[in-house]
Amino acid sequence: QVQLVESGGGLAQPGGSLRLSCAASGFTFSRYGMSWARQAPGKGLEWLSGFDSDASDPVYAKSVKGRFTISRDNPKNTLYLQMNSLKPEDTALYFCVKCPNRRLCRSNYDYWGQGTQVTVSS
């Protein structure tokens, strides 16, 4: 079955960096678009970034553009999110999400992981 396991979250200071990873299994990773999303306390799910199965033309939400970088390693079935210049408002549970086909998706995800917590505080 499809599994998405996020890791790399933790506590960071404002201005700091974290790198999230998502290990995917149970499907042919290289054939699907993938995205990252997050949910802050008391808020809905916010799409952050994603790209097509071939990792071309990553797209970012305005809230993270210029600070976060998405990447994928298809042979390793792994999705990454490099987060720099972190802000307290980046505090949230971060999810790796699978798209239903090869195209980038900003919603209508068909699978997501358990999430990894990111807390940005001094």
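Computed from a predicted structure; not experimentally measured.

Colleague: Please clarify how the overall build of the protein should be interpreted in this entry.
Modeller: If you tally the helices and strands in the protein, you get 0 helices and 11 strands. Listed by position from the N terminus, the elements making up the protein come as β-β-β-β-β-β-β-β-β-β-β. Relative to its length of 122 residues, the protein is compact, with a C-alpha radius of gyration of 13 Å against a globular reference of 14 Å. Projecting the C-alpha coordinates of the protein onto the three principal axes gives extents of approximately 40 × 25 × 25 Å. The 122 residues of the protein split such that 43% are buried. Sequence separation of 24 or more characterises 57% of the internal contacts of the protein that already satisfy a separation of 6 or more. Accessible area of the protein: about 6,300 Å², with a carbon and sulfur share of 46%.

Here is what the cut-offs are and how they apply
- Position numbers for residues start from 1 in each chain and track the written sequence from start to end.
- Under the rules for a predicted model, residues below a pLDDT of 70 receive no local features and side-chain atom pairs below 80 are neither given nor counted, while totals for whole chains, interfaces and linings still include all residues.
- Side-chain metrics rest on all non-hydrogen atoms present in the structure, leaving aside hydrogens and water.
- Put simply, DSSP marks the helices as runs of H or I at least four residues long and the strands as runs of E at least two long, and each gets a number from the N terminus on.
- Radius of gyration here uses only the C-alpha atoms, and the compact-globule reference equals 2.2 Å multiplied by the residue count raised to the power 0.38.
- Burial status follows relative accessibility: with a 1.4 Å probe on protein chains alone, a residue under 20% of its type maximum counts as buried, one over 50% as exposed, and anything between as partly exposed.
- For this analysis, residues touch if any pair of their heavy atoms sits within 4.5 Å.
- Computed with the Shrake-Rupley method and a 1.4 Å probe, the accessible areas treat only the protein chains shown as cover for residues.

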